[in-house]
Every structure is written in C-alpha cells, then in structure tokens.
Amino acid sequence: MNDSPFAESTIPGEKIFHGVALPKTLSPVSPAVSGADALVQGVTKNSSLLSSLLRKHGAILFRGFDVSGASDLRRVVEAFEWEEMPYLGGSPRLKIDERVYTSNEAPLDLFIRFHHEMSLMKEIPSKIFFFCLTPPREGGETALARSDVLFREMVRRVPEFVNRVAEVGTVVELEYPKENTTDLIMGTSWKSVLETDDPSLAKQRALEKMECSSFEITKDGHAEVLFGPLQVIRTLDGQTLWFNNIDGSDVKLGDGNPVPHEAIDAYRETLGEISVDIEWQKGDVLLVDNWSVQHARRPGKPPRQILVSLCK
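Here the structure is a predicted model, which means the values were calculated and not measured.

Cut-offs and rules
Residues numbered from 1 in each chain as written. Predicted model: local features only at pLDDT ≥ 70, side-chain atom pairs only at ≥ 80, totals over all residues. Heavy atoms only, no water. Helix = DSSP H or I, 4+ residues; strand = E, 2+ residues; numbered from the N terminus. Contact = heavy atoms within 4.5 Å. Pairing = 2+ DSSP bridges. Axes fitted to C-alpha atoms, helices over the stretch in contact; angles between N-to-C directions. Expected span 1.5 Å × (residues − 1). Bend = angle between axes of the 7 residues up to and from the residue. Buried < 20%, exposed > 50% of the residue type's maximum accessible area, 1.4 Å probe, protein only.

Considerations on the environment of Ile306
- Following the sequence through the fold, Ile306 ends up in strand S22 (residues 305-311).
- Sequence separation between Ile306 and Val251 is 55 residues, and the spatial gap between their C-alpha atoms is 28 Å.
- Excluding its chain neighbours within four sequence positions, the residues that come into contact with Ile306 are Tyr101, Thr102, Ser103, Phe130, Phe131, Cys132 and Trp280.

Written out as structure tokens, the structure reads:
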C-alpha cells in the first residue's frame, strides 16, 4: 500500500483457511500514524486495496489506531464511500451518530447465535463495521465464522442433510413484543420495527420488507411472524455459502419437519472449530463482509460498548 499507515499483524486465535487468515489484522506502521486521522487518510488512499482484502479474508481488524468515539467511526465508514444501509430488525439499538448505532442492547449474559446481519430481510447489508468503545470486563467477544468453510464442513459431515435442506430450506417462527424491551435479544417491538402501530399497515410492510409468509398480531399485542421457506445455501461470486441458522427451537425445515439432531450437532461442532473470537480492545474497528462471514456474541460481563454501522 503506497503511503500506507498499515502494517500487517496477527491476533491470538486467528484461523487460516487455505492460506487466508480470518481476520486480516492491520496495525499502525509506526506511532506517528496511529491516530484516527491517519486511519481515515489510509482508508481514503487505499480503499480499493482494502476492499480487495475484505473480499479475500472476509474481515479486517484495524487495531492500535486511536479511534475514540462515534464521530471517528463515522469518518472511517465514510472514507470507504459505501452507501448507508438502514437497520431493520428486532434487536434493540440506539442511534449514537449519523450512520452509527449501538450493537444489540440485550443483556450480556445471553449468547447471540451466529447469523448474517438482517438475513431474514429481503435486503441485507453487504458490510458491517464494529467499533469497540468500551471493552467488556470479561467475555463478550464477537465471534466470526466463514460461511463457505461452514458449508464445506457440513457437506463432509452430514451430506444427506445438506442435500435435503438445500431442497426444502427452513422456516423460522419469531415473536416481536408489543413494546420495546432490552431484556430480550429480539426486544424491538413490531411497532418500532415497522414504524406503525396499525396492524394492517404493519402486515403490509412486513410482507414487503421481510422474508416472511405470515404476520399476525396476537390477543396480547405481540406479533407472530413466520419467515421462509428460507434459502439456507446460497452462491455468491462462485462461493457456496451456508447462510441461515439451523440451531434453535424456532427453526424447522421448510417441509415442517424438525431439524435432525445429528445435523444440529454437526453445525454446532463445526462452528466451534472454525470460529474466531475477537477479544475486544479499546479503539478496535472490525470490518466484516456480511455476505461471506457470520458473527455471534459470546456471553460476557459489563461494561461493553460496541458500536456498529451498516453499508449496502
């Protein structure tokens, strides 16, 4: 990289797949270029090369730069010149700055399963920025997993199931609460998600924006939403990807049958073997290709402040 502030680095626990590291870690080439301004300038001058690295590695961790707040993150995001993607979904979030939101505000003792951001929506972001404002006291790692590697491992371990799920897909039943709450992973009310308290209009918007086949308001005011059948296995740029979660009581096969236990076991074991836990340090900026890499949140202890920004 010409006139670059970046030096290649590594982190504990990174994994190598066919010679490619997850994540690609870049640190300041010297203390003189460790500020947020240097990071922004480096992105501006090397955005094409950084985009190529992102496609190759699936995630880039910028570590050691003095990124101190939401406004710095916004400047880094804008330096890439990617269009903003509004968030649509059930996780509780707060807007902090233009293009910058909190990550899921659900209690830190809860594990958030591996997923591609907004994978239940008809339009999903291609890229996600995570920024560590305050690292957790314990745990709370963001875990990454390459979906092409997950697919190949599932083919090796449970080939018959892979053929079956490729044919029938999955369906997911989720409940959106009547009112917003931070006590749940899916704690945003259907009114907030769909920006209306009119059940008829909410249903119309849900069918337009979500990969759902039904949307019903219950007597107690919650919304029950049936997503799918969802395409679990997708192909993008010649890569075959495992795109949707099969682990959970809310997930069934598209033909109505439960997901076999041996498939769930293989899925969990594979993710445990191929995932990389990012142990957050203050100022970390993690850029993730949301099409090719899934993420999860490990349980942890507060304080933990991770900010996010989504791009089309």
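So, the environment of Val77
- As for its position among the elements, Val77 is in helix H2 (residues 70-79).
- Considering only alpha carbons, one finds Val77 and Ser309, 232 residues apart in sequence, at a separation of 7.6 Å.
- In this structure Val77 touches Arg99, Phe129, Ser309 and Cys311, once residues within four positions along its chain are discounted.

Concerning the sheet that holds strand S13 (residues 212-217)
- A sheet is described by the order of its strands in space; here 4 strands give the open sequence S13-S14-S12-S17, paired in antiparallel fashion. Two strands in the sheet have a free side with no partner beyond their single neighbour: S13 and strand S17 (251-253). Each adjacent strand pair in this sheet contributes to an overall mean axis angle of 15°, direction not counted.
- Relative to strand S14 (residues 223-230), strand S12 (residues 170-176) runs antiparallel, the two sharing 6 bridges. Looking across to S14, one finds that Tyr176 is bridged to Ala223.
- On top of the sheet, helix H4 (residues 159-168) reaches S12, S14 and S17; it is set at about 95° to S17, its chief contact.

Brief notes about helix H1 (residues 36-57)
- Taking 1.5 Å of rise per residue, 22 residues should cover 32 Å, yet H1 covers just 23 Å from first to last C-alpha, more than 12% shy of that figure.
- At Asn46, H1 shows its largest kink, close to 85°.
- Restricting attention to buried positions, one finds in H1 the residues Ala36, Ala38, Leu39, Val40, Gly42, Val43, Asn46, Leu50, Ser51, Leu53, Leu54 and His57.
- Residue Gly58 follows H1 closely and has a positive phi angle near 90°.

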